[in-house]
Amino acid sequence: LSWLSRQAPTLSQRLLDYRAGVPLNPLDSSTLLLDLAPQLERYIAELFGIAAELAATRAAALSHDPVLRFKETVVLKQARRYRKPITARFTELDAWLSTQIGATEDRELAVANYALRLFEGAAQPEIDDLDTKRERLLQWAALALTDSTGQTAVRGWSSFTLPQRIDHANLVPLTQADNERLAPLQSDPADLRRRDGFALTDTRATAREVQSEVAYCKYCHDHEGDFCSIGFPEKKGKPELGLKHDPLNNILTGCPLEEKISEMHLLKKDGHTIAALAMAMVDNPMLPATGHRICNDCMKGCIYQKQDPVNIPQVETRVLMDALELPWGVEIYDLLTRWNPLRREQYLLQPYNGRKVLIAGLGPAGFTMAHHLTMEGCSVVGIDGLKIEPLPQTLLEQPIRDWSSLKEPLDERILYGFGGVAEYGITVRWDKNFLKLIYLSLARRQCFQVYGGVRLGGTITLEDAWALGFDHVCIATGAGYPRVIHIGNSLARGMRQANDFLMALQLTGAGKASSLANLQVRLPAVVIGGGLTGVDTATEVQAYYIKQVEKILLRCETLGIDTVRARLGPED
Ligand code: SF4
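Since we're looking at a predicted model, the values are computed, not measured.

Visitor: How should I be thinking about helix 17 (residues 364–375) in this particular structure?
Guide: Think of an α-helix as turning once every 3.6 residues; residues three or four places apart then point the same way. Helix length check: helix 17 (twelve residues) gives 16 Å between terminal C-alpha atoms against 16 Å at 1.5 Å per residue, within 8%. The set of residues buried in helix 17 consists of Gly 366, Phe 367, Ala 370, His 371, Leu 373, Thr 374 and Met 375. The elements touched by buried residues of helix 17 are helix 16 (329–338), strand 3 (356–360), strand 4 (379–384), helix 21 (433–443) and strand 5 (448–452). Just beyond helix 17, the residue with positive phi is Gly 377, at close to 100°.

Visitor: Explain the sheet that holds strand 6 (residues 472–475) to me, please; I cannot follow it from the model alone.
Guide: Remark on secondary structure: sheet strands pair via backbone hydrogen bonds, oriented parallel or antiparallel. Taken together, four strands build an open sheet; the order of strands is 5-4-3-6 and the sheet is parallel. Of all strands in the sheet, those with a lone pairing partner are strand 5 and strand 6, marking the two edges. Strand-to-strand twist of the sheet, defined as the mean angle between neighbouring strand axes without regard to direction, takes the value 20°. In this sheet, strand 5 lies alongside strand 4 in parallel orientation, the contact comprising five bridges. Considered in strand 5, the bridge of Val 381 is made with Gln 449. Against the sheet, helix 17 contacts strand 3, strand 4, strand 5 and strand 6, and its axis sits at roughly 170° relative to strand 3.

Visitor: Explanation requested: the domain arrangement of the protein chain in the structure shown.
Guide: How big an interface is tends to be reported as the loss of accessible area on association of its parts. With domains assigned, the protein chain is organised as domain 1 (65–160), domain 2 (207–338), domain 3 (356–480) and domain 4 (498–566). When each unit is reduced to the centre of its C-alpha atoms, the spacing between domain 2 and domain 4 is 37 Å.

Visitor: How should I be thinking about the layout of surface pockets in this particular structure?
Guide: With a probe scaled to a water molecule rolled over the atoms, the places where space remains empty come into view. Space inside the second largest pocket adds up to approximately 730 Å³. Together, 34 residues line the second largest pocket, and Pro 26, Ser 229, Ile 230, Glu 258 and Lys 260 are the ones closest to its centre. Of the residues contributing to the lining of the second largest pocket, the split by class is twelve nonpolar, nine polar and 13 charged.

Visitor: What should I look at first to understand unusual backbone geometry in this one?
Guide: Outside of glycine, negative phi angles account for most residues, and trans bonds account for most peptide bonds. Along the chain, Leu 523 connects to Pro 524 via a cis peptide bond; the corresponding omega equals 0°. At Asn 249, a position not held by glycine, the phi torsion is positive, near 70°. With respect to the helices, strands and loops of the structure, Asn 249 is situated in the loop between helix 11 (227–230) and helix 12 (261–269). Judged by relative accessible area, which is 55%, Asn 249 ranks as exposed. Its identity is not glycine, yet Arg 293 carries a phi of approximately 75°, on the positive side. Examined against the element boundaries, Arg 293 turns out to sit in the loop between helix 13 (273–283) and helix 14 (297–301).

Conventions used here
Residues numbered from 1 in each chain as written. Predicted model: local features only at pLDDT ≥ 70, side-chain atom pairs only at ≥ 80, totals over all residues. Heavy atoms only, no water. Helix = DSSP H or I, 4+ residues; strand = E, 2+ residues; numbered from the N terminus. Expected span 1.5 Å × (residues − 1). Buried < 20%, exposed > 50% of the residue type's maximum accessible area, 1.4 Å probe, protein only. Contact = heavy atoms within 4.5 Å. Pairing = 2+ DSSP bridges. Axes fitted to C-alpha atoms, helices over the stretch in contact; angles between N-to-C directions. Domains from an automatic or database assignment. 1 Å grid on protein atoms, 1.4 Å probe; cavity = no way out; pocket = protein on both sides within 12 Å on 5 of 7 lines; lining within 4 Å. Points joined across faces, edges and corners; volume = space filled by probe spheres on them. Nonpolar A, V, L, I, M, F, W, Y, C, P; charged D, E, K, R; others polar.

So this is what it looks like as C-alpha cells:
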C-alpha cells in the first residue's frame, strides 16, 4: 500500500475504499482492477528483480500484433470479400510474394509486415507499383482462403484461421470411410495426432494463436455483456427469466467462478503477463487446475453463439504458463494465491483462528476448500483414500527459480496421488505438473497437513474426527464414489470397468518403463460407452498395449525368454 500510495496516490485511495466496501458497480469495479493490475505487476517485478525479463515477455507477446492487424484489416476486411476474377495461380503469386519478403524464419510475420507496409503507414508513397502489389497480395490472400494449394500453404497460420459456424449436431466432424455402413467413423486424417507412450500429448496453443484468440474477444465487461463470466441470459436486463440453453440443452452458465475473463483478455492483449494472471486469480486462485483440457463453460457462454467462441481455456492456461516461465514464476503464482490485492476479500492469508477442519478427499473440491479455509486462518487436515506421496523437502523450504526444475515429464513423473480425479482420471492430454504446483502451494502453508491412505468411514470415522478435536468435517469425495455396473459378469476376467482401468493405469504408473505394475491387457479391446471415460480408455488402452509389449520384450532380452516363460501361469 505504501508503495502504491507513492506511485499513484489516488489509486491507492480507491483501493482502500474498495476494501472498505464502498459500493461499486461492475464496470467501476473492473475499471479499478484494470488500473491496479499493471501496478501490481510492476511491484511484483521489482520485488523479484525481473523487470527486464518481464519486459521481454511483454515484447514477445506484442510481437504478434502485426499478424493480428493483418488478419483484421487485410484478410477479414478485404481478401475474404475479394470478388474480382483471379487469373494467376496461387503458386505464381506465392513465388512473387517470396521475392518481396525475402528469406525468413517466420513467413507469416514477414507477410503480415509486408502487407501492412502496403496498406498502412507512411512508407506507402515510396513503394513502386503500389496498386499492383496491393492487388497481387489481395489475390494471394484470397486464394490462401479458398484454393486448396493456398490453404495448405497457410495451414496453422493464425491470420488465416477464421471462426467457423458451429454445427451442434456435428461438433466433431466425422466421416465414414467409403460411406460403408459398418465402417468406423473417423475424423479428418490431417487432424490426427500421433501418440506413443505417456508423455504430454497436447502442447497447447502457441503464443500467437493465443494472442489471436485474445484479439477476437470483444471485451464485453464494459457493457456487462461478458456472458462468458456471468452467464448468457435469456434476455439481457431480465434476470428473472434465467439463463439461456444451447441447442444441446446445456445451460449457458458461463464460468462457475465468474472469473474476470474479459479483463484478463484485455491485460493479456497488452502483454501484461503477471497482471493478467492476478486478474484471473481474483476469482480462480486454483487456476492451474482449470483452463485448457479441464473446463469450457466459459466458452459455451461466450457471445459468439453461432460461430466458434473465443478459446478462453487456451488463453487462461497460456497466461499461467507465461507467468510460470518467468524467473521465480512458481513463487509469483504461490504468492498470488496467498496475497492478491485485486481481491476485495481474502486478499491476504489470515493468521490461525483456532478452527480445525478435516477435509476428506483431495480432488479439485477438496484442495480448493483447503485453499479457502487456510486463507481464512483455519487449520486444515486433508485426507484421501489413495496414497499421497510427500513433496521433496527442498521444494517446500527453498524458493524455486525455474518452473522447469519443478516440472517432470509425464511419462516419468512420480505419481503424487494429490488431486483425486485430476490425478488418476485425466490422461496425458493435460499437464499434471499443474497439480504439483497446487500441492506445493498448499503444502507450504503452516496450517495445512495432508495424509494419504486414510478413508473417511474406514480408517477414520466422523466420531473419530470430533474426538480428535476437529470443529468441522468437509466431505469432498464425490467423484471417487465407487460404482459397480449391474451387467452380468461385468467383473469377469477380460472385463474391466473403464474408470477402474484408468485408475489402475494412472495410479500404478504401469505405463512407465520402470514400473513393475501388473496390469495386463490384450487387443482388440471393445469399449462400451462414448463418454469422456470411454474415449480416454480407448486411447489409453492402445498406448498402454504398446508399452506392455515393449516392457515384456525388454524383460525377455534381459532375463532370457525361458526365464520369463517359466514364470507365466496357464492364463498368461
Ligand atoms: S470471451 Fe466472449 S463473452 Fe467473454 S468477453 Fe470475450 S467475446 Fe465477450
